[in-house]
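Structure at a glance
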Amino acid sequence: PLFHFLLDCLINTIGVDSPVNLRLLSVVPGLFLLALGIVWGSNLFGHWLGGLAFGWLIATSPLLIEQSQEVRNYSLFLLFSGLVFYSLTKQEFKKSHLYTASLCLSLASFSHYSTLLLVPSVLFAGAFRIRKDFSSKQKRFLLFWMGICTSLSLSIRLSHKYNRSR
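Calculation rules
Residues numbered from 1 in each chain as written. Predicted model: local features only at pLDDT ≥ 70, side-chain atom pairs only at ≥ 80, totals over all residues. Heavy atoms only, no water. Helix = DSSP H or I, 4+ residues; strand = E, 2+ residues; numbered from the N terminus. Buried < 20%, exposed > 50% of the residue type's maximum accessible area, 1.4 Å probe, protein only. Phe/Tyr/Trp six-rings, centres within 6.5 Å; stacked < 30°, edge-to-face > 60°. Axes fitted to C-alpha atoms, helices over the stretch in contact; angles between N-to-C directions. Left-handed = near helix turned anticlockwise from the far one by under 90°. Contact = heavy atoms within 4.5 Å. Patch = residues over 30% accessible without salt bridge, like charges linked within 9 Å, V, L, I, M, F, W, Y side chains within 5 Å. Areas by Shrake-Rupley, 256 points an atom, 1.4 Å probe, with all protein chains shown as cover. Salt bridge = Lys/Arg side-chain N within 4 Å of Asp/Glu carboxyl O. Nonpolar A, V, L, I, M, F, W, Y, C, P; charged D, E, K, R; others polar. Expected span 1.5 Å × (residues − 1). Bend = angle between axes of the 7 residues up to and from the residue.

1. Details of the environment of Val20
- Summarising the element assignment, Val20 is placed in helix α2 (residues 19–45).
- For Val20, a relative accessible area of 62% translates into the label exposed.
- Each C-alpha atom of the pair Val20 and Val71 lies 9.7 Å from the other, and the pair is 51 residues apart in sequence.

What follows is the structure, encoded as C-alpha cells:
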C-alpha cells in the first residue's frame, strides 16, 4: 500500500506517467540501498574497503538490479529492511536505534506483506542487543511483546499457507 500511495503522489506531482517516471520510485530506493550497503559494510568490517566490497555485492546483484528496474515495491521493502538490520547492528547501540528499527519495520510492512517473515529475526536481533542496555522490568516487557509478535507472525504465515493449499 505504501508504494502505491507514493507512486500516486509522484504521478500527481509530476503529472506525467511515463515509464521512466514510474520506475523512478524503484530506482531511488535502490540507490539509497547501495549507499546504505557501503556505510553498513564499512561499519561491520571496520574499514572502507569492506564497505566498497559490500556495496559492490549490492550493485552487481542481478536480483537487485532487476527489482530496481521494475515498477514494483521490492526495492522500497529492501531499503526499509536494510535500515532495520543496520540500526540493530550498529557498534554503539542506543535505545533510539531500537526505535528506528521499529519505525523502519513498520514502513517495510506497509510496503510489502512479506515483512511478517522478518519479524522473528528482527525480534531476536533486538533481544540480543537489549540484553545489557535495559532494566529487568523493561526487558521482561519487551520480551513479552517479542513473544506475542513472533507467535502472531508465525500464525499469520501458517494460516496464509493453509488457505493457499485449500
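2. Details of the packing of aromatic side chains
- For the structure shown, the criterion picks out 2 aromatic pairs.
- Ring centres of Trp40 and Phe54 lie 5.7 Å apart, and the angle between their planes is 85 degrees; this geometry places the pair in the edge-to-face category. Here the residue Trp40 occupies a position in helix α2, and Phe54 occupies one in helix α3 (residues 48–59), the gap between them amounting to 14 residues.
- You can call Trp40 buried: its relative accessible area is 17%.
- Considering the side-chain rings of Trp40 and Tyr86, the 6.3 Å spacing of their centres and the 75 degrees angle between planes classify their relative orientation as edge-to-face. Of the two residues, Trp40 sits in helix α2 while Tyr86 sits in helix α5 (residues 74–88), which places them 46 residues apart along the sequence.
- Among the aromatic residues, ring-to-ring pairing joins Trp40, Phe54 and Tyr86 into one connected group.

3. A word on the packing of α2 against α3
- The contact between α2 and α3 brings their axes to 6 Å, and the two run at 145 degrees. Seen along the crossing, α2 lies across α3 with a hand that is right-handed. Taking contact as the criterion, the partners of Leu33, Leu34, Gly37, Ile38, Trp40, Gly41, Ser42 and Phe45 in α2 are, on α3, Trp48, Gly50, Gly51, Phe54, Gly55, Ile58 and Ala59.

4. Considering a nonpolar patch on the surface
- Nonpolar side chains collect at one region of the surface, where Ile14, Val16, Leu24, Val28 and Phe32 lie side by side and expose about 410 Å² of accessible area between them.
- With 3 residues, α2 is the largest single contributor of residues to the nonpolar patch.
- Among the structural elements, Val16 can be located in the loop between α1 (2–14) and α2.
- Residue Val16 is classed as partly exposed on the basis of its relative accessible area, which comes to 43%.

5. Some words on the packing of α2 against helix α4 (residues 62–69)
- Relative orientation of the contacting elements α2 and α4 amounts to 145 degrees, with a least axis distance of 7 Å. From α2, Arg23, Ser26, Val27, Gly30 and Leu33 reach across to α4, where they touch Leu64, Gln67, Ser68 and Gln69.
- Looking at the contact of α2 with α4, its residues break down into 3 nonpolar, 5 polar and 1 charged.

6. Digging into α2
- Along its 27 residues, α2 runs 39 Å from first to last C-alpha, staying within 8% of the 39 Å computed at 1.5 Å per residue.
- At Leu25, α2 shows its largest bend, some 35 degrees, and a proline, Pro29, comes one to four positions later.
- Three or more residues of α2 are buried, namely Asn21, Leu22, Leu25, Ser26, Pro29, Gly30, Leu33, Leu36, Gly37, Trp40 and Gly41.
- Buried residues along α2 sit in contact with α1, α3, α4 and α5.
- Of the residues one or two after α2, Gly46 is the one with positive phi, at around 75 degrees.

That's the geometry; what it means functionally is another story.
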